[in-house]
Amino acid sequence: MAQQQIKVGDTLPTVSLKYCPYDPELKNACGIPQVLSTDSFKGKKVVIFGVPGAFTPTCNNNHLPEYHEKYQELAKKGIDQVVCISTADAFVMDAWGKWTNVSDKVIMAADGNGDFVKATGLVQ
């Protein structure tokens, strides 16, 4: 039986994602990926958007840049964090974030095992 898809107002399931914290000194290396739990979003306004893959033409040219460009606008509306999730690994997400210069405005989170998409019923 398929997981029911998450809806507006639902509580996010507790899932661990991996990410490489933004560090302007580490231009080429991720270091050790950190764990980002969806529990850390409690009490915050967080924009989460998912993409099918890092470096894919549509995601790279249309999806990610729009959130990066509108970061200040979102922050003015009370958004605490913007998180991009893909089923790529943390190293790929980190490289993509550096390549697109999202800096610390967008957390590039890896859902390598698809735990988030499964728990939220977003698997096709």
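These numbers come from a predicted model, not from an experiment. (Residues numbered from 1 in each chain as written. Predicted model: local features only at pLDDT ≥ 70, side-chain atom pairs only at ≥ 80, totals over all residues. Heavy atoms only, no water.)

Q: An account of the overall build of the protein chain is requested, with residue identities and associated values reported.
A: Secondary structure summary: the protein chain contains four helices and five strands in total. Put simply, the protein chain runs from its N terminus to its C terminus through helices and strands in the order β-β-β-α-α-β-α-β-α. Radius of gyration (C-alpha) of the protein chain: 14 Å, near the 14 Å computed for a compact globule of 124 residues. In the protein chain, buried positions account for 34% of the 124 residues. Per element, the accessible surface of the protein chain, about 7800 Å² overall, is 52% carbon and sulfur. (Helix = DSSP H or I, 4+ residues; strand = E, 2+ residues; numbered from the N terminus. Rg over C-alpha atoms; globule rule 2.2 N^0.38 Å. Buried < 20%, exposed > 50% of the residue type's maximum accessible area, 1.4 Å probe, protein only. Areas by Shrake-Rupley, 256 points an atom, 1.4 Å probe, with all protein chains shown as cover.)

Q: I'd like a rundown of the nonpolar core, residues and numbers included.
A: Val82, Cys84, Met93, Trp96, Val106 and Met108 are the most contacted members of the largest nonpolar core, which totals 21 residues. Those elements that place two or more of their residues in this core are strand 3 (46-50), helix 1 (57-69), helix 2 (71-76), strand 4 (81-86), helix 3 (90-99) and strand 5 (107-110). For this core, the leading source of residues is helix 3, giving three residues. Sequence-distant contacts of methionine 108, that is, excluding residues within four places in its chain, are made with Lys18, Tyr19, Leu64, Cys84, Met93, Trp96, Gly97 and Val102. Among the nonpolar cores identified, the runner-up in size contains ten residues, and Leu36, Ile107, Ala109 and Phe116 belong to it. (Core = buried A, V, L, I, M, F, W, Y, C linked by side-chain atoms within 4.5 Å. Contact = heavy atoms within 4.5 Å.)

Q: Hey, could you go over the environment of tyrosine 67 for me, with residue numbers and the actual values?
A: Relative to the assigned elements, tyrosine 67 resides in helix 1. What makes tyrosine 67 partly exposed here is its relative accessible area of 29%. Look past the residues within four positions of tyrosine 67 in its chain and what remains in contact with it is Val47, Phe49, Leu74 and Val82.

Q: Any chance you could break down the state of the cysteines for me, citing the residues and the numbers?
A: Two cysteines, two sulfur atoms, one covalent bond between them: this is a disulfide. The tally for this structure, following the rule as stated, stands at zero disulfides. Between cysteine 59, a free cysteine, and cysteine 84, which holds the nearest cysteine sulfur, the sulfur-to-sulfur gap is 7.8 Å. (Disulfide = S-S within 2.5 Å.)

Q: An account of helix 3 is requested, with residue identities and associated values reported.
A: Listed as buried for helix 3 are Ala90, Met93, Asp94, Trp96 and Gly97. Each buried residue of helix 3 lies within a common arc of 165° when the element is viewed along its axis, so the set occupies one face. One side-chain oxygen of the residue at the start of helix 3 lies 3.0 Å from the amide nitrogen of phenylalanine 91, identifying that residue as aspartate 89. Looking at the residues trailing helix 3, positive phi occurs at asparagine 101, about 60°. (Arc of directions from axis to C-beta. Polar contact = N/O pair within 3.5 Å; in protein donor to acceptor, adjacent residues only side chain to side chain.)

Q: Any details on helix 1? Residues and values, ideally.
A: For helix 1, spanning 13 residues, the distance from its first C-alpha to its last is 17 Å, which sits close to the expected 18 Å at 1.5 Å a residue. Taken residue by residue, helix 1 has Cys59, Asn60 and Leu64 as its buried positions. Where helix 1 is buried, its residues contact strand 3, helix 3 and strand 5. (Expected span 1.5 Å × (residues − 1).)

Q: Quick rundown of the pattern of salt bridges? Include the residues and the values.
A: Tallied over the entire structure, the rule returns four salt bridges. For glutamate 66, the salt bridge identified is with lysine 70, shortest N-O distance 3.6 Å. Residue classification places lysine 70 among the partly exposed residues on the basis of a relative accessible area of 38%. Between lysine 98 and aspartate 94 there is a salt bridge; the shortest N-O distance is 2.9 Å. Note that lysine 98 and aspartate 94 are positioned in helix 3 at a spacing of four residues, about one turn of the helix. (Salt bridge = Lys/Arg side-chain N within 4 Å of Asp/Glu carboxyl O.)

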